[in-house]
Amino acid sequence: MNARESSVGWSLSRRTFLKATGALGAALALRESCEGVLRSGPARAAAAQAQPEKETVVPTICGGCHQNCGMLVHVRGGRVVSVEGNPDHPMNSGDLCPKAQAASQILYAPDRLKYPLLRAGKRGEGKWKRISWDEALDFMANKLKEVRDKYGPMALAMSTAAPVMQCSRTTFVQFPAVYGTPNRMSGNNCYVNRMLALVATFGYRAEDDYDQTRLILLWGGNPLASMRAGSYAAYDGLQRPILDAIERGAKLIVIDPIYTDTAAKAQQWIPIRPGTDGALALAMLHVIINEGLYDRGFVQDWTVGFTELTELVQDYPPEKVARITSVPAETIRSLAREYAITKPALIHEANAWAFHTNGTQTCRAIACLMAVTGNLDAPGGPVCFPGSAGDRLTVVEDLPPTVQVAAKPLGADKYRLMPNGPSVFDAMSSGKPYPIKALIVFHSDPIVVLQDGNRQRDVFAKNLDFLAVIDIFHTPTTQMADIVLPDTTFLERLDYRHHPSARGAIVALRQPVVKPMYESLPGYDIELKLAARMGFLDKYPWKSGEEMLNHILKPSKVTVQDLRKKPVQFITGPMVYKKYEKGLLRPDKKPGFATPSGKVELSSSVFQKAGYDPLPRYIEPAESPVSTPELAKRYPLIGMSRRSATFVHSKYRNIPWLREIESEPFIRVNPEDAAKRGIADGNLVIAETKRGQIRMRAKVTSTVTPGVVLIDGCWWKPENLSDLSWTLNALIDMEARDPIGNLATLSSFLCEIKKA
Ligand code: SF4
């Protein structure tokens, strides 16, 4: 049996595997540390008396974040004793980040939600009564029936998580549709306006073809820290594709207000004023078009709107944009020339483009920049790998819901291309155009993750008749719930993940490694049991989690059973480049891109039809020293939110090993700004905006450009769930919003800091 066959089989001897991978020393060290935690006190004594049991190694996929890396879990006597990266999984090739290393602490955490809990005090008091699943599901079904009878089905909204918990893409998606509501409060918080802009421009969400590129423009992303080299693509390692490309001779340029870990590896770092990326993209287009550096053949054959774009970019000469962005005009020129002349080149798609009130048009401007150089879907460019969003030919498009709600979601009149999200909170707060009276939260912890947790708490308390939360730990959001239900962790649940890659689309199985702890149930089982009580089951084409997964996997032509025999499978052939020439991007199989015109739409017909500017004109962020100079006198610093790879969103702040790495959140501030305010490294500081205050310690560091503060986002205090003084979102709200993408700002807000 070779290493690949063994690792994708059901189990193998641990020692044989470790010999094969040469990882014995490291893995033993990790196992010792896991066992040190797992076997403390009585557990250690019991283990000492027990007969030695055979250890098995179960291949599964991590659920610590969106990446869903391959993981080998060592199990003995029904307990996880250690984890390691699966060297044969194309996502990570054996790499694991700290979150995964802490998997056993997550699974065996003493503060896991163990049983259904019914609120026994006022909302927010944290008083609970343990109840049975039957009582919990009856209670929930009755409450949801009451809300439907009194206000109609659209008074229910869902808040589901990012695919961190992969099942959140599919679990509790059928239920609201069958109940009759299209309203979803979560989701519009990072990638949606980027996806909207890229798909409207060229019909797919770009992945990076690092293997063949000669220039990587990393604009607002920090993949060497975040472990996300692509959107969802598998590259045989979490950080390696970028490091390998650099070693191979590719140039790395980072554009970011922060000197990030990735910038530290780059040949050039270009700091920029937060929120002005769209202006920089237009100035680069100005240079590229006016100097004739674009790909004339590609532009002529495959784009529409070039004349209009050319006219637009005349308004953005480098000298003018230098004043907007703080990037010197000569740097803009040389960057534009280098990007246009170097073939192939790619621009990495990053969350930071989208976090501002001008996010959607920024993404459109960068999409145009990707297109005019002719790099789209070319080797080494921004490509559509098999299995990418936008690849029409493969994989798992048969997602729930299978029934469609005829009514338009909230916000559909104002945000015609991106309803829902903050528009649901608008209706919940105001009762207009109709009230939201019930909310089911699946893992997403909106009080910490979405904007203005304090206001959300008030609105939940005053306006919701019913709030249910399904999660694995208590969070600030569970504190406002009427009922809290315990989900399983990723080590206790069946699930799947698919990844795009150059070698072909991949489907991988998440298999339960141990039985569900306590009384926890997988989310899809909770959904089915609730659906049964509501009389909805006839609207479900599946009757179990496994059947649901088989329904979703149908287009891939593999089943859960197939994946049990071989948990990682390539389900397509390898990448075919320039698919637009071959009729491989459009549903009608004609040559071209999957846009209304079949061409790359530099002037977007989708935006025009929806009543938006079809050209990616630059507009200042809603709050900035330029757009709100009076406010900037009082709040002269630009606040940005930082995400850390130690955690994901608001998850795992209660996990000791991870808190050893990052014990508390920090506000990072440039030494110049710190000195002006008498702040020293480690001082407790208050950060304030016109909306609220938080308190964190300062890290004084020249990695942050002057005039900017970088604040750790998505923090909360597991020690005190009602204390939001570590929660960045007290500084922002859902008012300042991208008028197209309906995304409330997460970065570029005006603030001031002072010593506490
Ligand atoms: S990056 Fe880390 S947490 Fe995320 S899936 Fe991979 S190993 Fe797990």
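As annotated in an unreviewed UniProt entry, the chain carries the name Molybdopterin-dependent oxidoreductase and is attributed to Tectimicrobiota bacterium. The record in UniProt for the chain states the following under Cofactor (unreviewed entry): "Mo-bis(molybdopterin guanine dinucleotide)". UniProt, in its Sequence similarities (unreviewed entry) section for the chain, records the words "Belongs to the prokaryotic molybdopterin-containing oxidoreductase family."

A.B. asks: Hey, could you go over the overall build of the chain for me, with residue numbers and the actual values?
C.D. replies: The helix and strand tally for the chain stands at 28 helices and 26 strands. A compact globule built from 756 residues should have a C-alpha radius of gyration of about 27 Å, and the chain, at 25 Å, falls within 12% of that. C-alpha extents for the chain along the principal axes are approximately 75 × 60 × 55 Å. Every one of the 756 residues in the chain was classed for burial, and the buried ones make up 63%. Restricting to contacts in the chain with at least 6 residues of sequence separation, those with at least 24 account for 75%. Summed over its atoms, the accessible surface of the chain is roughly 26800 Å², and 52% of this surface lies on carbon and sulfur atoms. Treating the 92 positive side-chain charges of the chain as one cloud and the 78 negative ones as another, the clouds have centres 2 Å apart.

A.B. asks: Mind laying out the nonpolar core, listing which residues take part and the relevant values?
C.D. replies: Formed by 62 residues in total, the largest nonpolar core has its most connected members in Phe202, Trp219, Met284, Tyr339 and Phe593. Examining the composition of this core, we find that 10 residues originate from one element, helix H13 (residues 277-290), more than from any other. Non-local contacts of phenylalanine 202, meaning those with residues more than four positions away in its chain, are made with Ala367, Met370, Leu376, Phe593, Ala594, Thr595 and Val600. In this structure, Val147, Leu156, Phe466 and Phe536 belong to the second largest nonpolar core, which totals 45 residues.

A.B. asks: Lay out the side chain of threonine 745 in plain terms, naming residues and giving numbers.
C.D. replies: Locating threonine 745 in the fold gives a position in the loop between strand S25 (708-712) and strand S26 (749-755). Reaching out from threonine 745, the side chain makes a polar contact with the backbone oxygen of phenylalanine 355 at a distance of 3.0 Å. Setting aside its immediate chain neighbours within four residues, threonine 745 contacts Phe355, His356, Thr357, Gln451, Ile732 and Ala736.

A.B. asks: Which residues make up the site of the ligand, and what are the values?
C.D. replies: For the ligand, the full set of nearby residues is Cys62, Gly64, Cys65, Gln67, Asn68, Cys69, Leu96, Cys97, Lys99 and Ala100. One can see that the ligand is located within the largest cavity. Its residues placed into classes, the shell around the ligand shows 6 nonpolar, 3 polar and 1 charged.

A.B. asks: Before we move on, can you summarise the pairing of strand S3 (residues 79-85) with the specific residues and values?
C.D. replies: For S3, a buried count of 6 out of 7 residues is recorded, marking the element as mostly surrounded by other parts of the structure. Note that strand S2 (residues 70-76) and S3 share 6 bridges and pair antiparallel. Counterpart to leucine 72 in the pairing with S3 is glutamate 84. Between S2 and S3, which pair antiparallel one after the other, the connecting turn spans 2 residues, and glycine 77 there sits at a positive phi close to 60°.

A.B. asks: Describe empty space enclosed by the protein, listing the residues and the values that go with them.
C.D. replies: Within this structure, the stated rule accounts for 6 cavities of 30 Å³ or more. Quantified by volume, the largest cavity comes out at close to 90 Å³. Along the wall of the largest cavity there are 13 residues; nearest its centre are Cys62, Cys65, Cys69, Cys97 and Ala100. Here the residues of the lining of the largest cavity are counted per class, giving 8 nonpolar, 3 polar and 2 charged.

A.B. asks: Run through the packing of helix H7 (residues 133-151) against helix H22 (residues 523-534), naming residues and quoting values.
C.D. replies: Two measures define how a pair of helices packs: the angle their axes make with one another and the distance between the axes. Their axes nearest at 9 Å, the elements H7 and H22 cross at an angle of 60°. Judged by the inter-axis angle, H7 sits oblique to H22. Pair H7 / H22 crosses with right-handed handedness. Residue-level inspection shows Trp133, Asp134, Leu137, Asp138, Met140, Ala141, Leu144, Lys145 and Arg148 of H7 in contact with H22, the latter providing Ile526, Lys529, Leu530, Arg533 and Met534. Of the residues that constitute the contact of H7 with H22, the class distribution is 8 nonpolar, no polar and 6 charged.

A.B. asks: For the packing of H13 against helix H15 (residues 306-313), give the residues involved together with the corresponding values.
C.D. replies: Running from N to C, H13 and H15 point in directions that differ by 110°, and their axes come no closer than 9 Å. Of the possible angle classes, the one that applies to H13 and H15 is roughly perpendicular. In terms of crossing hand, the pair formed by H13 and H15 is left-handed. Here Leu282, Leu285, His286 and Ile289 of H13 come into contact with H15, specifically with Phe306, Leu309, Thr310, Leu312 and Val313. Classifying every residue of the contact of H13 with H15 by side-chain character gives 7 nonpolar, 2 polar and no charged.

A.B. asks: An account of the UniProt feature "domain: 4Fe-4S Mo/W bis-MGD-type" (unreviewed entry) in the chain is needed here, citing residue identities and associated values.
C.D. replies: Following the UniProt record, the feature "domain: 4Fe-4S Mo/W bis-MGD-type" (unreviewed entry) maps to residues 55-111 here. The span residues 55-111 is 16% helical and 37% strand by assignment, and the distance between its end C-alpha atoms comes to 27 Å.

A.B. asks: Talk me through the sheet that holds S25; I want residue IDs and the actual numbers.
C.D. replies: Taken together, the 6 strands give a closed barrel; going around it, the order is S21-S25-S22-S24-S23-S26, and neighbouring strands pair in mixed fashion. The sheet shows a mean angle of 45° between the axes of neighbouring strands, taken without regard to direction. As paired elements, strand S23 (residues 684-688) and strand S24 (residues 693-700) share 5 bridges and run antiparallel to each other. Bridge pairing links valine 685 to methionine 696 in S24.

A.B. asks: Before we move on, could you go through the sheet that holds strand S19 (residues 568-570) and cite the residues and values that matter?
C.D. replies: Within a sheet, each strand pairs with its neighbour through backbone hydrogen bonds, oriented either parallel or antiparallel. The 3 strands are arranged S17-S18-S19 in an open sheet whose pairing can be described as antiparallel. Of all strands in the sheet, those with a lone pairing partner are strand S17 (495-499) and S19, marking the two edges. On average, each strand axis in the sheet is tilted by 20° relative to the strand beside it, whichever way the strands run. The pairing of strand S18 (residues 506-510) with S19 spans 3 bridges and is antiparallel. Looking across to S19, one finds that alanine 508 is bridged to valine 568.

A.B. asks: Could you give an account of helix H17 (residues 329-341), with specific residues and numbers?
C.D. replies: Since the α-helix packs 3.6 residues into each turn, any two residues three or four apart lie on the same face. Helix length check: H17 (13 residues) gives 18 Å between terminal C-alpha atoms against 18 Å at 1.5 Å per residue, within 8%. When H17 is considered as a whole, its buried residues turn out to be Ala329, Thr331, Ile332, Arg333, Leu335, Ala336, Tyr339 and Ala340.

A.B. asks: Any chance you could break down the packing of aromatic side chains for me, citing the residues and the numbers?
C.D. replies: Think of a pair of aromatic rings as described by two things: how far the centres are apart, and how the planes are tilted against each other in angle. The full count for this structure, using the stated rule, is 20 aromatic pairs. Here tyrosine 294 and phenylalanine 306 contribute two aromatic rings whose centre-to-centre distance is 4.7 Å and whose plane-to-plane angle is 45°, an arrangement assigned as tilted. On the criterion of sequence distance, the pair formed by tyrosine 294 in the loop between H13 and helix H14 (296-302) and phenylalanine 306 in helix H15 is long-range, its members being 12 residues apart. On the basis of relative accessible area, tyrosine 294 is assigned to the buried category, the value being 15%. Relative to tryptophan 542, the ring of tyrosine 540 lies with its centre 5.7 Å away and its plane at 85°, an arrangement referred to as edge-to-face. Side by side, tyrosine 540 and tryptophan 542 carry an identical accessibility label, which is buried. Note that lysine 320 overlies the ring of tyrosine 316, its terminal NZ or CZ placed 5.3 Å from the centroid.

A.B. asks: Hey, could you go over the pattern of salt bridges for me, with residue numbers and the actual values?
C.D. replies: Summed over all chains, the structure comprises 40 salt bridges. Aspartate 588 is the partner of arginine 586 in a salt bridge, and the nearest nitrogen-oxygen pair spans 3.1 Å. Given the relative accessible area of 38%, aspartate 588 is considered partly exposed. We note a salt bridge from arginine 697 to glutamate 664, for which the minimum N-O separation is 3.5 Å. With arginine 697 in strand S24 and glutamate 664 in the loop between helix H27 (656-661) and strand S22 (666-669), this residue pair connects regions lying 33 residues apart in the sequence. The class for arginine 697 is partly exposed, based on a relative accessible area of 32%. For glutamate 664, a relative accessible area of 18% translates into the label buried. A cluster of three or more residues bridged by salt bridges with shared partners is formed by Glu623, Lys690, Arg691 and Asp733.

Thresholds applied
- Residues numbered from 1 in each chain as written.
- Predicted model: local features only at pLDDT ≥ 70, side-chain atom pairs only at ≥ 80, totals over all residues.
- Heavy atoms only, no water.
- UniProt positions renumbered as here; feature names shortened; annotations may be inferred.
- Helix = DSSP H or I, 4+ residues; strand = E, 2+ residues; numbered from the N terminus.
- Rg over C-alpha atoms; globule rule 2.2 N^0.38 Å.
- Buried < 20%, exposed > 50% of the residue type's maximum accessible area, 1.4 Å probe, protein only.
- Contact = heavy atoms within 4.5 Å.
- Areas by Shrake-Rupley, 256 points an atom, 1.4 Å probe, with all protein chains shown as cover.
- Lys, Arg positive; Asp, Glu negative; His and termini not counted.
- Charge placed at Lys NZ, Arg CZ, Asp CG, Glu CD.
- Core = buried A, V, L, I, M, F, W, Y, C linked by side-chain atoms within 4.5 Å.
- Polar contact = N/O pair within 3.5 Å; in protein donor to acceptor, adjacent residues only side chain to side chain.
- Near = heavy atom within 4 Å.
- 1 Å grid on protein atoms, 1.4 Å probe; cavity = no way out; pocket = protein on both sides within 12 Å on 5 of 7 lines; lining within 4 Å.
- Sits in = over half its atoms within 2 Å of the grid points.
- Nonpolar A, V, L, I, M, F, W, Y, C, P; charged D, E, K, R; others polar.
- Pairing = 2+ DSSP bridges.
- Points joined across faces, edges and corners; volume = space filled by probe spheres on them.
- Axes fitted to C-alpha atoms, helices over the stretch in contact; angles between N-to-C directions.
- Parallel < 35°, antiparallel > 145°, perpendicular 65-115°, else oblique.
- Left-handed = near helix turned anticlockwise from the far one by under 90°.
- Expected span 1.5 Å × (residues − 1).
- Phe/Tyr/Trp six-rings, centres within 6.5 Å; stacked < 30°, edge-to-face > 60°.
- Lys NZ or Arg CZ within 6 Å of the ring centre and 35° of its normal.
- Salt bridge = Lys/Arg side-chain N within 4 Å of Asp/Glu carboxyl O.

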